[in-house]
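Residue-level listing of the chains:
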Amino acid sequence: MADALASCARGNQDGLHRIVEAEGGRLMGIAQRMLQRRDLAEEAVQDALVQIWHKSGQFRAGEGSARGWIFAILRNRCLNILRDGKRLSTLDDAALLAMQDARHAAAVEGLDRLDAVALRHCLEGLDDTARRSILLAYVGGYSHGEIAALQKVPLGTCKSWIRRGLDALRRCLS
Amino acid sequence: MTRDMDAEADAFVLGLMDEADESRSMADLSSDPDWARAVGRARDRFLPIDLMADAAPVPADLVQRVTARLSEAPSVAANLPGPPRMRRLLPAAAAIVALACGIGIGSRMSDPDPVVVAVLLDDGGVPRAIVEDYGSEHARIRFVSDIAVPDGRQMQVWTLPSQDMGPISLGLLETDRAERLSPPDLPTPAGGQLYEITLEPEGGSPTGRPTGPILAKGLAAVQDGV
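These lines cover the structure that appears in this document, whether it is placed above or below. This one's a predicted model, so the numbers in the text were calculated from it and none came from an experiment.

**Re the overall build of chain B**
Working step 1: For chain B, the helix and strand inventory stands at seven helices and nine strands.
Working step 2: Pairs at least 24 apart in sequence give 58% of the contacts found in chain B among residues at least 6 apart.
Working step 3: Entry remark: accessible area of chain B is about 10800 Å², with carbon and sulfur atoms responsible for 55%.

**A look at the overall build of chain A**
Working step 1: Within chain A one finds 10 helices and zero strands.
Working step 2: Taken from N to C terminus, the helices and strands of chain A fall in the order α-α-α-α-α-α-α-α-α-α.
Working step 3: Among the 174 residues that make up chain A, the fraction classed as buried is 52%.
Working step 4: Roughly 7500 Å² of accessible area belongs to chain A as shown, and the carbon and sulfur atoms make up 48% of that amount.

**Quick word on the pattern of salt bridges**
Working step 1: In the structure shown here, the tally under the stated rule is 26 salt bridges over all chains.
Working step 2: Of the charged contacts, one joins Arg77 of chain A and Asp47 of chain A as a salt bridge, the two residues approaching to 2.7 Å between their closest N and O atoms. Of this pair, Arg77 of chain A sits in helix 4 (residues 66–83) while Asp47 of chain A sits in helix 3 (residues 38–55), and the two are 30 residues apart along the sequence. By the burial criterion, Arg77 of chain A is buried, and Asp47 of chain A matches it.
Working step 3: As a salt-bridge pair, Asp123 of chain B and Lys55 of chain A come within 3.6 Å of each other at their nearest N and O atoms. Taken as a pair, Asp123 of chain B in the loop between strand 1 (116–121) and strand 2 (127–133) and Lys55 of chain A in helix 3 lie in two separate chains rather than in one.
Working step 4: Take Lys55 of chain A: its relative accessible area is 11%, and that puts it in the buried class.

**Here's the deal with the environment of Leu186 of chain B**
All names here are of chain B.
Working step 1: Structurally, Leu186 can be placed in the loop between strand 6 (179–181) and strand 7 (194–201).
Working step 2: Linking Leu186 and Glu137, residues 49 residues apart in sequence, is a C-alpha distance of 7.3 Å.
Working step 3: In this view, Leu186 contacts Thr159, Pro161, Met165, Ile168 and Leu170; residues no more than four positions away in its chain are not counted.

**What about the packing of aromatic side chains?**
Working step 1: Scanning the model with the defined rule gives three aromatic pairs over all chains in all.
Working step 2: Between Phe59 of chain A and Trp69 of chain A the ring centres are 5.7 Å apart and the planes differ by 65 degrees, which places this aromatic pair in the edge-to-face class. With Phe59 of chain A in the loop between helix 3 and helix 4 and Trp69 of chain A in helix 4, this pair connects stretches of sequence that are 10 residues apart. Comparing Phe59 of chain A with Trp69 of chain A shows no difference in burial state: the two are buried.
Working step 3: Ring centres 5.2 Å apart and planes at 25 degrees place the aromatic pair Tyr138 of chain A and Phe46 of chain B in the stacked group.

**Quick look at the state of the cysteines**
Defined simply, a disulfide is a covalent bond joining two cysteines at their sulfur atoms.
Residue and element names in this part refer to chain A.
Working step 1: Counted under the stated rule, the structure contains one disulfide over all chains.
Working step 2: The disulfide bridge from Cys122 ends at Cys172, spanning 1.9 Å between sulfur atoms. Handedness of the Cys122-Cys172 disulfide follows from its S-S torsion of about -80 degrees: it is left-handed. Residue Cys122 is found in helix 7 (residues 117–124), and its partner Cys172 is found in helix 10 (residues 155–173); the two are separated by 50 residues along the sequence.

**Considering helix 2 (residues 19–28) of chain B**
Working step 1: Burial in helix 2 of chain B covers these residues: Glu22, Ser25 and Ala27 of chain B.
Working step 2: Structurally, helix 2 of chain B contributes buried residues whose contacts are with helix 4 of chain A together with helix 1 (5–13), helix 3 (33–51) and strand 1 of chain B.
Working step 3: For helix 2 of chain B, the side-chain oxygen to backbone nitrogen distance between the N-cap and Ala20 of chain B is 3.2 Å, and the N-cap itself is Asp18 of chain B.

**Thoughts on the interface of chain A and chain B**
Working step 1: Listed as interface residues are 64 residues of chain A and, on the opposing side, 53 residues of chain B.
Working step 2: By the criterion of area lost to chain B, the three top residues of chain A are His54, Tyr138 and Arg170 of chain A, representing 14% of everything that side buries.
Working step 3: Along the contact surface separating chain A from chain B lie eight salt bridges.
Working step 4: Note that Asp4 of chain B and Arg170 of chain A form a salt bridge whose closest N and O atoms lie 3.7 Å from each other.
Working step 5: Remark: the boundary between chain A and chain B carries 11 residue pairs in polar contact (both at pLDDT 80 or more).
Working step 6: Those elements giving two or more residues to the side of chain A that touches chain B turn out to be helix 1 (2–9), helix 2 (14–35), helix 3, helix 4, helix 7, helix 8 (128–138) and helix 10 of chain A.

Cut-offs used in this document
- Residues numbered from 1 in each chain as written.
- Chains lettered and ligands numbered in written order.
- Predicted model: local features only at pLDDT ≥ 70, side-chain atom pairs only at ≥ 80, totals over all residues.
- Heavy atoms only, no water.
- Helix = DSSP H or I, 4+ residues; strand = E, 2+ residues; numbered from the N terminus.
- Contact = heavy atoms within 4.5 Å.
- Areas by Shrake-Rupley, 256 points an atom, 1.4 Å probe, with all protein chains shown as cover.
- Buried < 20%, exposed > 50% of the residue type's maximum accessible area, 1.4 Å probe, protein only.
- Salt bridge = Lys/Arg side-chain N within 4 Å of Asp/Glu carboxyl O.
- Phe/Tyr/Trp six-rings, centres within 6.5 Å; stacked < 30°, edge-to-face > 60°.
- Disulfide = S-S within 2.5 Å.
- Polar contact = N/O pair within 3.5 Å; in protein donor to acceptor, adjacent residues only side chain to side chain.
- Buried area = accessible area lost by both parts, 1.4 Å probe.

The quantities given are spatial measurements derived from coordinates; they are silent on function.
And the structure:
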């Protein structure tokens, strides 16, 4: 992946082809899991690939994996779509509700399919509330305020759950 | 108190920072190697959760759709794989830009001082433009690096006076040279207020809100006593 990014940075579109060939399905999968709509996921992946092309020269080995860097750009684009209220205002109430329900479910289910044994073990070792909150943020792209509302707790409580959960997760993984 | 960079990196990667911290943290990626490494570690900690997502079908023409759009964003600076030494100079460049701007204002005795100044950075932390907002329906924008605007598109400047008001257009730009803007009557600009430039269809955003990609953005600094 780092080689493909280096190609993009040199202005060689072959790099873009290689990224799509190797990770296109996964990029679409991540976007669809976070946005729950095919049209929005396609838009997010396209936008992300344009940004990946333009920013490819900024990727530096030693600052995390190339794949993590690429996925981060996509995640960022998905978050921007979710936070742009107007962007979602084209959906009617029923579609929006269905999207939110599916997004919630996708965020908190399926941890048993996590291949990384250490991360799975450490996430399973957290309090239920902290684990759910962290997954709602990472997988579903929910904000502190939205997570507090979903978990029916005050914002401050939710923030401290997440902060303590993330601290415990780092300790467990180190 | 020592800064817990790993905890901050987790919050950044999970998208849980507020907007001001997030913009600053994004800009710091290109100037602070320790921070960039902490973010890289955090991304890789959570990467397995991304790998858990089921692959979804890729549109057959995805690469064509992307390549057709490659000329639409500022690309020259972002595309140069320049040496890391140059990138570390970026915050210095931003500071020099801000300083030059301050000096420029001081030397024009007849003009009032702006209420706030915002240096707008692109995604890579490169300074692109400076907005000086004088309040009372008068603002000015100057560009500090070239921005390529494709045919049929136009740059539009926005500010976010409050979450309740949402983004308000300060005006459309004809060129990437200095321009006076005539925003509508808005509350006096405040420190930390967001300013941004987006790429919109010619004639401006059809919805009255930003719809296109953000070319550059930055937070206002109050100019009291500067």
